[in-house]
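# Per-entry structural report
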Amino acid sequence: MNNFHKTKKSAAVLKHAILDQYATPFASKTGRWSTGNRVVFIDGYAGPGRYEDGEEGSGAMLLRKAREMAHFPRRIECHFVESDPETVDRLKAVATAEGADVDYTIYDDDISTHLPELLQSAEGIPLFTYLDPCGLVIPLDEVASIFQRPGGYGSPATEVLINLTAHVRRFAGMLYSATPMEGSLQRMDGVCGGDWWRETWLEKCPTKDASEDDKMAAEQAVVEGYARELCKCAGVAGSWIIDVRPRADLKPVYYLVFATRHMDGMVTFGESASLGLQRWREYLAEVSAQDTLFGSAAEWKDEWKKQENVLKAQWIETIANGITEELAKGEPFRLIERPSVLGGLGGVARTLHFRAAIKKVLLAGKTTTDPKGAEDLWNLSIRPA
Ligand SMILES: C[S@@+](CC[C@H](N)C(=O)[O-])C[C@H]1O[C@@H](n2cnc3c(N)ncnc32)[C@H](O)[C@@H]1O
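The shown structure was predicted, so the numbers you read here are calculated from the model rather than taken from an experiment.

### Comments concerning the environment of Ser-274
Mapped onto the fold, Ser-274 is located in helix α10 (residues 263–290). Residue Ser-274 is classed as buried on the basis of its C-beta count, with 23 C-beta atoms lying within 10 Å. Separated by 73 residues in the primary sequence, Ser-274 and Gly-347 have C-alpha atoms spaced 5.3 Å apart. If sequence neighbours within four positions are ignored, Ser-274 has contacts with Gly-347, Val-348, Ala-349 and Arg-350.

Written out as structure tokens, the structure is:
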């Protein structure tokens, strides 16, 4: 076992903030009409449940969600799979202490072994699967099997959140070797559902000494390719990619790929991702304040709020410009059909920013659409003036 499970690394704060934001609306919405209000969460690389400093990991968090939502009523069932025996013991202790009234199972094994039976047991029930390995994730055909699981009435909600670690670089490094470890490259082929990623990488970084920017572009292209492959082979309706950087100017430490069978999932997850990112920026501001002159909590928080307001204004401007350009084509449109007008801010900005942007375009006389009171702005028809 490594240091990872002792304290929560800052990068982990984001994935947990997003999971925390999303698990509740997912269970609330999908469990409303499901049989017995059941909702299933599979945590495929579960970890110890809590870090050694007591902070919540995904295990403790999902158990808490199950307890919190029991009275809604939502019957959240948690299935944890963890292959490291020592870590399983810790997870079991957490679950015994915190999951007394929760339906949960813990498997001391490999996720690939248990996934088929877990999918079978969730037949017909909404399912959210979280795949958060330290290294490479299960092969793409296994991820696709989640979407091809036994159906049931009404094609129940099926979603995955995958932590694609930036190990892509390590594997891509072998592409320049005269004697590559073919077995490792093939493992990566399996994860990506083919060897297409090799060419995608080499297109952006033809030589070993490519610049840092080129490597980042290559990594991004492989992750985007992965999301496309997943959508193609799993019949997924849509996906989001969230890149997790310690700071805007640093390279991503991992990418979160979310995929869903239903467009509603895209909209709700986008909102949760935006809130999770905000929570993460707040956390980073707090951490950096500990190393600087800001003495009191109020001081760093005021400064962080100022920075948030600057970001908010920039995003509204970017989105308003995108909408204005699209409207210039003379046709009404919906954001869900033209996410490119968001200028890459899908999953980063959220409803409140979209509303302000449409309002700005309305005030500029470029649209007749007033977003006031509209709940689903992704599906609002934005009409040219
Ligand atoms: C990044 S940690 C999980 C953190 C946890 N999901 C969280 O968010 O708090 C990854 C865990 O996956 C476990 N693991 C690695 N390979 C596995 C496999 N094939 N099947 C199940 N668990 C595995 C590791 O032992 C490790 O505890």
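### Concerning the pairing of strand β6 (residues 238–244)
The element β6 is largely enclosed, with a buried count of 5 among its 7 residues. With 7 bridges connecting them, β6 and strand β7 (residues 254–260) associate as antiparallel partners. In the strand pairing of β7, Ile-241 is matched with Val-257.

### Details of the site of the ligand
In the vicinity of the ligand, 16 residues are found, and the nearest of them are Tyr-45, Gly-47, Gly-57, Ser-58 and Asp-84. Of the residues assigned to the shell around the ligand, the class counts are 6 nonpolar, 5 polar and 5 charged.

### What to know about the nonpolar core
Counting residues in hydrophobic clusters, the biggest one holds 82 residues, and the most contacted among them are Val-143, Leu-230, Tyr-255 and Val-257. If you tally residues by element for this core, the top one is helix α1 (residues 10–30), at 8 residues. Other than its neighbours up to four places away in sequence, Tyr-255 contacts Leu-164, Val-223, Ile-241, Ile-242, Asp-243 and Val-244. In terms of nonpolar packing, the next biggest core, distinct from the first, is built from 18 residues, Ala-320, Leu-342, Leu-345 and Ala-357 among them.

### Some thoughts on the sheet that holds β7
Across the sheet, which stays open at both edges, the 7 strands sit in the order β3-β2-β1-β4-β5-β7-β6 with mixed pairing between neighbours. Looking along the sheet, the strands with just one partner apiece sit at the ends: β3 (103–107) and β6. Each strand of the sheet is rotated relative to its neighbour by a mean of 10°, with strand direction disregarded. Where strand β5 (residues 158–165) meets β7, 7 bridges bridge the pair, whose relative direction is antiparallel. Each residue of the ladder has a partner; that of Leu-161, found in β7, is Phe-258. Of the strands in this sheet, β1 (38–43), β2 (75–81), β4 (127–131), β5, β6 and β7 touch α1, which is tilted by about 10° from β7.

### A closer look at helix α8 (residues 196–204)
Within α8 the residues assigned to the buried category are Trp-197, Thr-200 and Trp-201. All buried residues of α8 lie within an arc of 95° about the axis, which places them on one face of the element. Exposed side chains of α8 directed beyond 90 degrees from the buried face belong to Glu-199 and Glu-203. In this fold, the buried residues of α8 make contact with α6 (168–173), α7 (182–192) and α9 (212–234).

### A short note on the domain arrangement of the protein
Examined at the domain level, the protein breaks down into domain 1 (3–280) and domain 2 (284–379). Put simply, the middle of domain 1 and the middle of domain 2, counted by C-alpha atoms, are 27 Å apart. Listed as interface residues are 12 residues of domain 1 and, on the opposing side, 10 residues of domain 2. Of all the secondary-structure elements, those providing two or more residues to the side of domain 1 that touches domain 2 are β6 and α10. In terms of residue count, the dominant contributor to the side of domain 1 that touches domain 2 is α10 (9 residues). Residues of the side of domain 1 that touches domain 2, tallied by class, amount to 8 nonpolar, 3 polar and 1 charged.

Rules behind the numbers
- Residues numbered from 1 in each chain as written.
- Predicted model: local features only at pLDDT ≥ 70, side-chain atom pairs only at ≥ 80, totals over all residues.
- Helix = DSSP H or I, 4+ residues; strand = E, 2+ residues; numbered from the N terminus.
- Buried ≥ 20, exposed ≤ 12 C-beta atoms within 10 Å, placed from the backbone.
- Contact = placed C-beta atoms within 7 Å.
- Pairing = 2+ DSSP bridges.
- Near = placed C-beta within 6 Å.
- Nonpolar A, V, L, I, M, F, W, Y, C, P; charged D, E, K, R; others polar.
- Core = buried A, V, L, I, M, F, W, Y, C linked by C-beta atoms within 7 Å.
- Axes fitted to C-alpha atoms, helices over the stretch in contact; angles between N-to-C directions.
- Arc of directions from axis to C-beta.
- Domains from an automatic or database assignment.

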